Amino acid sequence: MYPTVEIILFNYPEVARELVGKGRKITAKFRKDLDSIYEKTGIPLKSVLRQYDNIRRIYREVDEKEGKVAVNIQRYYGLSQSLCQQYAAIIFLLDNRIDVSPRKLPSLRYPALVKCVTVIMSEWGDGVSDMGVDRSFLKELHSLKDRISDAVLQTVFSHVNEVMRVAHPEFPKSLCIEAKRVLTRLMGIGYSLLHTKDFTDIFVDLDEFVVSPWCTTGLSPHHLEITLATALSSYSSIAPTKGLTPTLSTFEKYLRTISTCLLVMTNSRNNHHIG
């Protein structure tokens with residue numbers, strides 16, 4: 001059984017992409033949608049069915065079990081570490097009903113999706129099973145809306161601009177404007193993640209409000225990486241002077257994780273257009 005499970009996922013990752021793109025749990029009723037996946041991908045229906053059965057079997061085995069999902073999958077099925085992490089990412093998406101529809105996210109390729117989900121599971125897990133997200137963290141993140149004033153954010157924006165002007169004079173001037181837009185949108189997305197609907201739309205929102213606009217500016221992923229790193233260090237410097245030290249860990253945890261996702265998504269979009 002083990003080799004079959006591995007071969008199906010590695011040979012047809014686009015099938016797994018379509019399965020998780022539905023934004024709902026895989027149940028017996030899901031089978032009626034498999035014909036449409038066959039039509040979209042051109043993968044033989046028999047292989048689509050086997051991929052569906054593999055994911056459903058593994059999902060039912062590890063659902064609601066404590067501990068790391070990838071570790072549990074390895075324990076029960078003896079699969080490679082890489083494949084266990086892929087299945088863990090798929091299960092996380094299904095369990096949390098996160099919308100990663102290929103129609104809405106055509107440039108988010110399967111390997112990039114797995115990387116993004118893996119970092120969220122690692123950084124935002126609830127400590128019991130990384131299939132869940134730490135609700136206390138999301139509540140703390142939501143509370144930043146009332147705790148971090150517009151004046152403080154403006155101070156951060158100004159600090160980011162000054163640091164980049166001095167450290168990277170070669171960067172285009174438009175980067176400062178785009179940096180403010182990106183950070184404003186990211187904070188808005190973060191504040192809303194406590195609400196289930198907004199959490200399920202996390203990748204759609206990141207793509208629509210950050211990745212897509214950024215890629216139309218002509219600025220590179222490297223520019224984005226520098227912008228996000230500078231914002232993180234700027235807030236870390238400013239927060240203690242504004243009496244906001246208690247917010248540091250939450251802000252850093254959010255921005256560090258989202259930065260990784262944004263860079264992966266931006267590179268995936270660029271590669272998609274090149275391809």
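Attention here is on the structure that accompanies the text. These numbers were taken from a predicted model, which means no experiment stands behind them. (Residues numbered from 1 in each chain as written. Predicted model: local features only at pLDDT ≥ 70, side-chain atom pairs only at ≥ 80, totals over all residues. Heavy atoms only, no water.)

1. A closer look at the overall build of the protein chain
Reasoning step 1: From N to C terminus, the protein chain includes 14 helices and zero strands.
Reasoning step 2: Helices (α) and strands (β) of the protein chain occur, in sequence order from the N terminus, as α-α-α-α-α-α-α-α-α-α-α-α-α-α.
Reasoning step 3: Radius of gyration (C-alpha) of the protein chain: 20 Å, near the 19 Å computed for a compact globule of 275 residues.
Reasoning step 4: Structurally, the protein chain occupies a C-alpha span of about 60 × 40 × 30 Å along its principal axes.
Reasoning step 5: With an accessible surface of roughly 12900 Å², the protein chain has 52% of that area assigned to carbon and sulfur atoms. (Helix = DSSP H or I, 4+ residues; strand = E, 2+ residues; numbered from the N terminus. Rg over C-alpha atoms; globule rule 2.2 N^0.38 Å. Areas by Shrake-Rupley, 256 points an atom, 1.4 Å probe, with all protein chains shown as cover.)

2. A short note on the pattern of salt bridges
In a structure, side chains of opposite charge can pair up when their charged atoms sit close to one another.
Reasoning step 1: If you walk through the whole model with that rule in mind, you get nine salt bridges.
Reasoning step 2: Glutamate 162 is paired through a salt bridge with arginine 165; the nearest N and O atoms lie 2.6 Å apart. Here glutamate 162 and its partner arginine 165 are both found in helix α9 (residues 150-167), three residues apart, which amounts to about one turn of the helix.
Reasoning step 3: For the salt bridge of aspartate 201 with lysine 197, the shortest nitrogen-to-oxygen distance reads 2.3 Å.
Reasoning step 4: Owing to a relative accessible area of 14%, aspartate 201 belongs among the buried residues under this scheme. (Salt bridge = Lys/Arg side-chain N within 4 Å of Asp/Glu carboxyl O. Buried < 20%, exposed > 50% of the residue type's maximum accessible area, 1.4 Å probe, protein only.)

3. Observations regarding the environment of leucine 19
Reasoning step 1: Relative to the helices and strands, leucine 19 resides in helix α2 (residues 13-20).
Reasoning step 2: Separated by 29 residues in the primary sequence, leucine 19 and valine 48 have C-alpha atoms spaced 9.3 Å apart.
Reasoning step 3: What leucine 19 contacts, discounting residues up to four positions off in sequence, is Ile26, Phe30, Leu34, Ile37, Gln51, Tyr52, Ile55 and Leu94. (Contact = heavy atoms within 4.5 Å.)

4. Some points on the packing of aromatic side chains
Two descriptors summarise a pair of aromatic rings, namely the distance from one centre to the other and the angle between the planes of the rings.
Reasoning step 1: For the coordinates displayed, the defined rule picks out three aromatic pairs.
Reasoning step 2: Considering the side-chain rings of tryptophan 124 and phenylalanine 137, the 5.3 Å spacing of their centres and the 45° angle between planes classify their relative orientation as tilted. With a gap of 13 residues between them, tryptophan 124 in helix α7 (residues 110-124) and phenylalanine 137 in helix α8 (residues 135-147) connect regions that are remote in the sequence. The exposure classification of tryptophan 124 matches that of phenylalanine 137, with both residues buried.
Reasoning step 3: Judged by centre distance (6.2 Å) and plane angle (20°), the rings of tryptophan 124 and tyrosine 254 are stacked. Remark: tyrosine 254 occurs in helix α14 (residues 248-274) and tryptophan 124 occurs in helix α7; sequence separation between them is 130 residues.
Reasoning step 4: Feature note: the residues Trp124, Phe137 and Tyr254 constitute an aromatic cluster, connected by ring pairs. (Phe/Tyr/Trp six-rings, centres within 6.5 Å; stacked < 30°, edge-to-face > 60°.)

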